Amino acid sequence: MIILMNSIIKTFFINAIFFTVCSTNGFPGEPLSVINKMFANIKSMKSLQYTLDSRERIKGIIYHEISDFKIIKQPFRIYIYQHSPVKGVEVLYIAGANNGKARINPAAFPWVTLNLNPEGSLMLNKHHHPLYEGGFDYTASILEYLLNKYKQQRQKLIVNNGTAKIHGMDCYHYTILN
């Protein structure tokens, strides 16, 4: 199963979350069944590698970033290589190592490796979320929370947008309304 999250805004003030679930397994297309299978697959992932094209609005300004992520869940490790806006910035975070700090190669002045708190102001500058919310787990936890919170109405909250072809695969396309 491949999960593609489209137009996701990671905040509890979201009105709708659009996502696409692609499968070569041919599992049934009943939305809640597909979404639960997606949650199970996300939880079973041991590692993940992807390129993130991110746009975040901070104090009215849109910041655009393109980065490669490599994540291993246990023990938690994350490596980030930034392509834009500053090519070559690297971040390495290993849970329980380096006194809980991320190692940063800034690819620019001051030309020294920095050790920064992942939740500190320098690391969260122009970002809403700390690096360990990368991957699908955090977003899936928001979706699960909403579907459990509105358990009685969840059939009405899930909109089936039909199918879409992404990278040559047939995919289910759903919207969850909040």
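The shown structure was predicted, so the numbers you read here are calculated from the model rather than taken from an experiment.

J.: Would you explain the overall build of the chain in this entry?
T.: Looking only at helices and strands, the chain features three helices and 10 strands. Along the chain, helices and strands appear, N-terminal first, in the series β-β-α-β-β-β-β-β-β-α-α-β-β. Expressed as a percentage of the 178 residues in the chain, the buried residues total 34%. Long-range pairs, those at least 24 residues apart, make up 42% of the contacts in the chain between residues at least 6 apart in sequence. As presented, the chain carries roughly 10,800 Å² of accessible surface, and 55% of it is formed by carbon and sulfur atoms.

J.: What is the right way to look at helix α1 (residues 31-44) in this model?
T.: Helical periodicity: at 3.6 residues per turn, an α-helix aligns residues three or four positions apart in one direction. Here α1 spans 20 Å end to end across 14 residues, near enough to the 20 Å set by a 1.5 Å rise per residue. Among the residues of α1, Pro 31, Leu 32, Val 34, Ile 35, Met 38, Phe 39 and Ile 42 are the ones counted as buried. Seen from one end, α1 has its buried residues packed into an arc of 160 degrees, which puts them on one side.

J.: So what exactly am I meant to see when it comes to the confidence of the model for the chain here?
T.: Reading predicted coordinates in detail is not appropriate for stretches of low pLDDT. Scored by pLDDT, the chain comes out at a mean of 83, with 84% of its residues at no less than 70. Below pLDDT 50 for its whole length, residues 1-16 participates in 52 contacts with residues either more than four positions away or in separate chains.

J.: Can you walk me through the packing of α1 against helix α2 (residues 137-149) in this structure?
T.: Running from N to C, α1 and α2 point in directions that differ by 145 degrees, and their axes come no closer than 10 Å. By crossing handedness, the relation of α1 to α2 is classed as left-handed. Here Ile 35, Met 38, Phe 39, Ile 42 and Lys 43 of α1 come into contact with α2, specifically with Asp 137, Ala 140, Leu 143, Glu 144 and Leu 147. When the residues that make up the contact of α1 with α2 are grouped by side-chain class, the tally is seven nonpolar, no polar and three charged.

J.: Mind showing me how you'd approach α2 here?
T.: Spanning 13 residues, α2 covers 18 Å between terminal C-alpha atoms, matching the ideal 18 Å at 1.5 Å per step. Every buried residue belonging to α2 is among Thr 139, Ala 140, Ile 142, Leu 143, Leu 146 and Leu 147, and all of these are buried. Projected down its long axis, α2 shows its buried positions confined to an angular sector of 155 degrees, all on one face.

Cut-off values and rules
- Residues numbered from 1 in each chain as written.
- Predicted model: local features only at pLDDT ≥ 70, side-chain atom pairs only at ≥ 80, totals over all residues.
- Heavy atoms only, no water.
- Helix = DSSP H or I, 4+ residues; strand = E, 2+ residues; numbered from the N terminus.
- Buried < 20%, exposed > 50% of the residue type's maximum accessible area, 1.4 Å probe, protein only.
- Contact = heavy atoms within 4.5 Å.
- Areas by Shrake-Rupley, 256 points an atom, 1.4 Å probe, with all protein chains shown as cover.
- Expected span 1.5 Å × (residues − 1).
- Arc of directions from axis to C-beta.
- pLDDT = per-residue confidence, 0-100.
- Axes fitted to C-alpha atoms, helices over the stretch in contact; angles between N-to-C directions.
- Left-handed = near helix turned anticlockwise from the far one by under 90°.
- Nonpolar A, V, L, I, M, F, W, Y, C, P; charged D, E, K, R; others polar.

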